[in-house]
Amino acid sequence: MSFHSMWAELLPVGRSSASGGYRRYAWTGADTDCRAWFREQAEARGLVHETDRNGNQWAWLGDPAAGNAVVTGSHLDSVPEGGAFDGPLGVVSAFAALDELRARGARFTRPLGIVNFGDEEGARFGLACVGSRLTAGALTVEQAHRLTDGDGVTLPRAMESAGYDPGTLGPDPERLARIGAFVELHVEQGRALDLSGDRIGIASAIWPHGRWRFDFRGEANHAGTTRLADRHDPMLSYAETVLAARREAELAGAVATFGKIGVEPNGVNAIPSLVRGWLDSRAADQESLDTVVTGIEKAAREYAAAHGVDLDVVRESFTPVVEFDHALRDELARILGTRTELKVPVLGTGAGHDAGILSDRIPTAMLFVRNPTGVSHSPAEYAAEDDCVAGVTALADVLEGLACT
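Residue positions within a chain follow its written sequence, with the count starting from 1. Where local features are concerned, this predicted model is filtered to residues with pLDDT of at least 70; where side-chain atom pairs are given and counted, the filter is 80 or more; whole-chain, interface and lining totals use all residues. Think of the side-chain values as coming from all heavy atoms in the structure, minus any hydrogens and water.

Quick look at the nonpolar core
Part 1 of the reasoning: In plain words, nonpolar cores are sets of buried Ala, Val, Leu, Ile, Met, Phe, Trp, Tyr and Cys residues tied together by side-chain atoms within 4.5 Å. Categorising residues by exposure relies on relative accessible area from a 1.4 Å probe, with only protein chains included: less than 20% of the type maximum marks a residue as buried, more than 50% marks it as exposed, and the intermediate range marks it as partly exposed. Counting 54 residues, the largest nonpolar core has Trp-37, Phe-95, Leu-332 and Leu-367 as the members making the most contacts within it.
Part 2 of the reasoning: Numbering of helices and strands starts at the N terminus; helices are DSSP runs of H or I of at least 4 residues and strands are runs of E of at least 2. The element contributing the most residues to this core is helix α13 (residues 385–403), with 10 residues.
Part 3 of the reasoning: Here a residue-residue contact requires only that any non-hydrogen atoms of the pair lie within 4.5 Å. If we skip the residues at most four places from it in the chain, Phe-95 touches Met-6, Trp-37, Phe-38, Gln-41, Ala-42, Arg-45, Leu-47 and Ile-114.
Part 4 of the reasoning: Counting 24 residues, the second largest nonpolar core, distinct from the first, contains Val-115, Ala-203, Leu-347 and Ile-357.

Shown next as structure tokens:
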């Protein structure tokens, strides 16, 4: 099956007919359909399919128990109203690259695996890369059991509802010990390649990043009868904090975004009692990130005090700077420099990935495919088909160089 036909087959799954965006949330019907698609692709190629203790899917050519396996893939879930390419491009390209290698008559000397990591985006339970974090031991079983979605459904209950056993959750060091290299192909979430005129790039590092929850607690009251001077309105403190986040990020050359908000009681004619906002901030280095978040929190506390509002700030997740394995990164550059006429630049990224989570446990690397608009986490996310095909060829070249004679 060609890249085009696989892409067309997966495209409608979890897609809104109204917005064109995707809602492929973990352990939902759309996720189940994506998992079924992955299994069908694996079995159609004679690969051995398995789902591990943390809900990640694997498709194997050769026996992984032999060790030193080369693995590629990404994820199939999405953010709310997400685009088609973030994650699925890496999974579809993995199967297409295997097809290309077989067409070349390549002989594999190392086991090859294709993976679909579960719940990478964290759209349902608020924590990104749940499947890879559990596998790497970066998320404990106790922490995983406490994850809860917006409807109060816990991760274990969601897994049970989807037909999976949450009793098996936990670190999987034996599986990771069998992997000698993981290469994740991903659409670029930015415009660096478009600006440089290159189709394919190699990742150098992932910026440090995290998520913080800001809880502004005021006093609910009548919107029509409460004098402005008598109000303790948390929405004002929140709004001022959003502007402070933009200001602090600009000063530090970083990024900061309040992209999710919860309001109680959430009535048009009621002053809120609680405004809860989630901050996502990322920077090129730890010092810059600390400066941004500290500045935002300082401003938020000043605004809260001015309006008679209480403030709690909780760091919900954090990932330090990730330097991808230098030897593997250099090997990718050598392979692509030898086998293709494409210039392949090395660039950093502000987006988190499963490859970053696993980098503390196994050698990991990433390939990026050009995104002409830079738009991601949106229905407008896009990569031209010829660039996607170039990505498949580059991935096939890398896999051949790493796993074949």
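A closer look at the state of the cysteines
As used here, a disulfide is simply a covalent bond connecting the sulfur atoms of two cysteines.
Part 1 of the reasoning: Cysteine sulfur atoms are paired as a disulfide whenever they fall within 2.5 Å. Under the counting rule described, the total for this entry stands at zero disulfides.
Part 2 of the reasoning: Free cysteine: Cys-34, not disulfide-bonded; nearest cysteine sulfur from Cys-129 at 17 Å.

Observations concerning helix α10 (residues 286–306)
Part 1 of the reasoning: Between its terminal C-alpha atoms α10 stretches 30 Å, which fits the 30 Å expected from 21 residues at 1.5 Å a residue.
Part 2 of the reasoning: For α10, the complete set of buried residues consists of Ser-288, Leu-289, Val-292, Val-293, Gly-295, Ile-296, Ala-299, Ala-300 and Ala-304. The buried residues of α10 occupy one face: seen down the axis, they fall within an arc of 165°. For α10, the exposed residues set more than 90 degrees away from the buried face come down to Glu-287, Thr-294, Lys-298 and Ala-305. Take the number of residues in a helix, subtract one, and multiply by 1.5 Å to get its expected span. To obtain the arc, one takes the directions from the helix axis to the C-beta atoms.

A short note on the pattern of salt bridges
Opposite charge on two side chains allows them to pair when their charged atoms are near.
Part 1 of the reasoning: For salt bridges, the criterion is a side-chain nitrogen of Lys or Arg within 4 Å of an Asp or Glu carboxyl oxygen. Per the counting criterion, the structure on display carries 27 salt bridges.
Part 2 of the reasoning: Between Asp-31 and Arg-35 there is a salt bridge, with its nearest N and O atoms 3.0 Å apart. Taken as a pair, Asp-31 and Arg-35 lie in helix α2 (residues 29–44) at a separation of four residues, close to a single helical turn. Exposure class is identical for Asp-31 and Arg-35. Each is buried.

Considerations on empty space enclosed by the protein
Part 1 of the reasoning: The method works on a 1 Å grid over the protein atoms by themselves. A cavity is a set of points holding a 1.4 Å probe that cannot get out, a pocket is an open set with protein on both sides within 12 Å along at least five of seven lines, and residues with an atom within 4 Å of a point line them. Grid points are joined across faces, edges and corners, and a volume is the space filled by probe spheres set on the points. Tallied over the full model, the rule gives four cavities of 30 Å³ or more.
Part 2 of the reasoning: In this structure, the largest cavity occupies an estimated 80 Å³ of space.
Part 3 of the reasoning: Along the wall of the largest cavity there are 13 residues; nearest its centre are Trp-27, Asn-54, Gly-118, Asp-119 and Val-130.
Part 4 of the reasoning: Listing elements by their share of the lining of the largest cavity, those giving two or more residues are α2, α4 (130–136) and α6 (155–161).
Part 5 of the reasoning: In terms of residues, the lining of the largest cavity owes the most to one element, α4, which gives three residues.
Part 6 of the reasoning: Grouping the constituent residues of the lining of the largest cavity by class yields seven nonpolar, three polar and three charged. Residue classes follow a fixed rule: Ala, Val, Leu, Ile, Met, Phe, Trp, Tyr, Cys and Pro count as nonpolar, while Asp, Glu, Lys and Arg count as charged, and any other residue, Gly among them, counts as polar.

Digging into the packing of α2 against helix α3 (residues 88–104)
Part 1 of the reasoning: Axis geometry follows a simple rule: fit a line to the C-alpha atoms, using only the stretch in contact for helices, then measure angles between N-to-C directions, giving values from 0 to 180 degrees. Following both chains from N to C, one finds α2 and α3 inclined at 10°, their axes separated by 11 Å at the closest point. Regarding the angle of α2 to α3, the classification is roughly parallel. Between α2 and α3, the residues in contact are Trp-37, Phe-38, Gln-41 and Ala-42 and Val-91, Val-92 and Phe-95, respectively.
Part 2 of the reasoning: Among the residues making up the contact of α2 with α3, the classes are represented as six nonpolar, one polar and no charged. Should an angle fall under 35 degrees it is called roughly parallel, over 145 degrees roughly antiparallel, and 65 to 115 degrees roughly perpendicular, with every other angle called oblique.

Some points on the packing of aromatic side chains
Part 1 of the reasoning: Ring pairs shown here join Phe, Tyr and Trp side chains whose ring centres sit within 6.5 Å, with only the six-membered ring taken for Trp; geometry is labelled stacked below 30 degrees between planes, edge-to-face above 60, and tilted in between. Summed over the entire model, instances satisfying the criterion amount to 13 aromatic pairs.
Part 2 of the reasoning: Taking 5.9 Å as the distance between ring centres and 80° as the angle between the ring planes, the aromatic pair formed by Trp-58 and Phe-117 counts as edge-to-face. With Trp-58 in strand β2 (residues 57–61) and Phe-117 in strand β4 (residues 112–117), this pair connects stretches of sequence that are 59 residues apart. When sorted by exposure, Trp-58 lands in the same class as Phe-117, which is buried.
Part 3 of the reasoning: Both rings, one in Phe-214 and one in Phe-258, keep their centres 5.4 Å apart while their planes meet at 80°; by these two values the pair is edge-to-face. A residue pair is termed long-range when its members are at least 10 positions apart, and Phe-214 in strand β7 (residues 209–217) and Phe-258 in strand β9 (residues 255–264) qualify at 44 residues. Considered together, Phe-214 and Phe-258 belong to a single accessibility category, that of buried residues.
Part 4 of the reasoning: Here the aromatic residues Phe-3, Trp-7, Phe-85 and Tyr-382 are joined through ring pairs into a cluster of three or more.
Part 5 of the reasoning: We call a charge positioned over a ring when the NZ of a Lys or the CZ of an Arg lies within 6 Å of the ring centre and within 35 degrees of the ring normal. In this arrangement the basic side chain of Arg-35 is found over the ring face of Tyr-164, its NZ or CZ atom lying 5.4 Å from the centre.
Part 6 of the reasoning: Cation over ring: Lys-260 sits above Trp-278, and NZ or CZ is 4.6 Å from the ring centre.

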